[in-house]
Amino acid sequence: MKRVIAIVDRTAFASLKLLVALNVLFFLSFLVIALLAAGKARAETPVCAGADMLSALQKNDPAAYRKIETEAAATPNGKGVLWKLEKAGERPSFLFGTMHMTDPRVTTLPPAAQKAFDAADTVVIETTEVLDKQKMMAAFLKEPELMMFTDSTTLSSLLSPDDAAAVNKALDARGIPPASVAKMKPWMLSTMVALPPCELARQAGGTPVLDIKLAEDAKASGKAVDGLETVADQLRAMASLPLAFHMKGLVDTLKLGDRVNDVNETMIVLYQRGDTGMLWPLFRAVLPGDEDDSASYAAFEEIMITSRNRVMVDHARPILARGNVFIAVGALHLPGAEGLVEDFRKAGYTVTAVD
């Protein structure tokens, strides 16, 4: 394992955990862009560059890589991003796992998924509230504590001087005035530093993440568009996790520096391969963490993925009854014994992977 850590350091994988966590809520970076619309504009979008850390692991420590592959293979429904949903009396529908990013490799659908999307009558994303910035911001004004510290607390008051300086440096590198985020909750700020500058710049320039692109394309072609959750519900869930968990994730990510590009590239490669079941085994094998760390991420998985999966299925069932629906949600919701694929089976659907 020492060889593994020499190639892919622990900080990188700690940050990969946070990037995955943030990717569970696709509206976060979208919301940050809306909040910081008055921030410094970039003359041009930075070039995205990064190396696939998993390839390095496979080359330099094949035993560790095989261990991860074995555990991933044992994850129920851990391979594939497109699934067909069938139930007696209903026209077939599809479940598609997304990655909440603007990278062209992500926003270009695989042929089978594009075919299912084009033929669908209804397209469903996690929440449609992100399609109307004014309505979304109005909703947040009713519960500002979900995004900002409303008492005397500031982010810097929760950080050591060195960590506060690292935060400011990372924000400056992304064209974000530190003073503009002094009262922002750590999960909001983490979004700014966990994604590469090129990704945030594309979003700031108006390039939609995959989920929003699908919804906009659906509307343009006359399809019905529905959502499964509200943004406020998602943020309440995030806010229910310990503040220390969020602060640790923020600091770990800041230590990554420019290697955030490698983290991003690794995520995209796994997504393109459809290896949704490999992410958590990768974390456990390369970065076991201490007991508190494991407990924190177990709580995160329960609150932000498993519990939301059950809500999504409940809300999806009456929509699916219409037939010919294309549901697009974050790919991390699909695999596992308590993932969406299995939850839909429990709800009476025949669910099969589409190659």
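Before any of the text, the structure's been laid out above.
If you're wondering where the values come from, they're calculated on a predicted model, not measured in any experiment. (Residues numbered from 1 in each chain as written. Predicted model: local features only at pLDDT ≥ 70, side-chain atom pairs only at ≥ 80, totals over all residues. Heavy atoms only, no water.)

(A) Spatial organisation of the sheet that holds strand β5 (residues 325–330). As summarised here, the arrangement of the six strands in space is β4-β3-β5-β2-β1-β6, forming an open sheet in which the pairing is mixed. Where the open sheet ends on each side, the last strands, each with one partner, are β4 (224–227) and β6 (350–353). Each strand axis lies, on average, 25° off the axis of its neighbour in the sheet, ignoring direction. Looking at chain direction, strand β2 (residues 93–98) and β5 are connected through five bridges and run parallel. Bridging across to β5, L95 finds its partner in I327. Seen against the sheet, helix α7 (residues 111–119) touches β1 (82–86), β2, β3 (122–125) and β5 and runs at an angle of roughly 130° to β5. (Pairing = 2+ DSSP bridges. Helix = DSSP H or I, 4+ residues; strand = E, 2+ residues; numbered from the N terminus. Axes fitted to C-alpha atoms, helices over the stretch in contact; angles between N-to-C directions. Contact = heavy atoms within 4.5 Å.)

(B) Structural detail: the environment of T350. When you line up the elements, T350 lands in strand β6. The spacing of T350 and A88 is 262 residues in sequence and 9.3 Å in space, taken between C-alpha atoms. Residues in contact with T350, not counting those within four places in the same chain, are K84, L85 and E86.

(C) Just helix α9 (residues 161–173), in detail. Here α9 contains 13 residues, and its C-alpha end-to-end distance of 18 Å stays within 8% of the 18 Å for a straight helix at 1.5 Å per residue. Looking only at α9, the buried set comprises A164, V167, A170 and L171. Take α9 and look down its axis: the buried residues cluster within an arc of 125°, on one side only. Every exposed residue of α9 that faces more than 90 degrees away from the buried side is listed here: P161, D162 and K169. In this fold, the buried residues of α9 make contact with α10 (186–194) and α14 (243–256). The positive-phi residue at the C-terminal boundary of α9 is G175, with phi of around 75°. (Expected span 1.5 Å × (residues − 1). Buried < 20%, exposed > 50% of the residue type's maximum accessible area, 1.4 Å probe, protein only. Arc of directions from axis to C-beta.)

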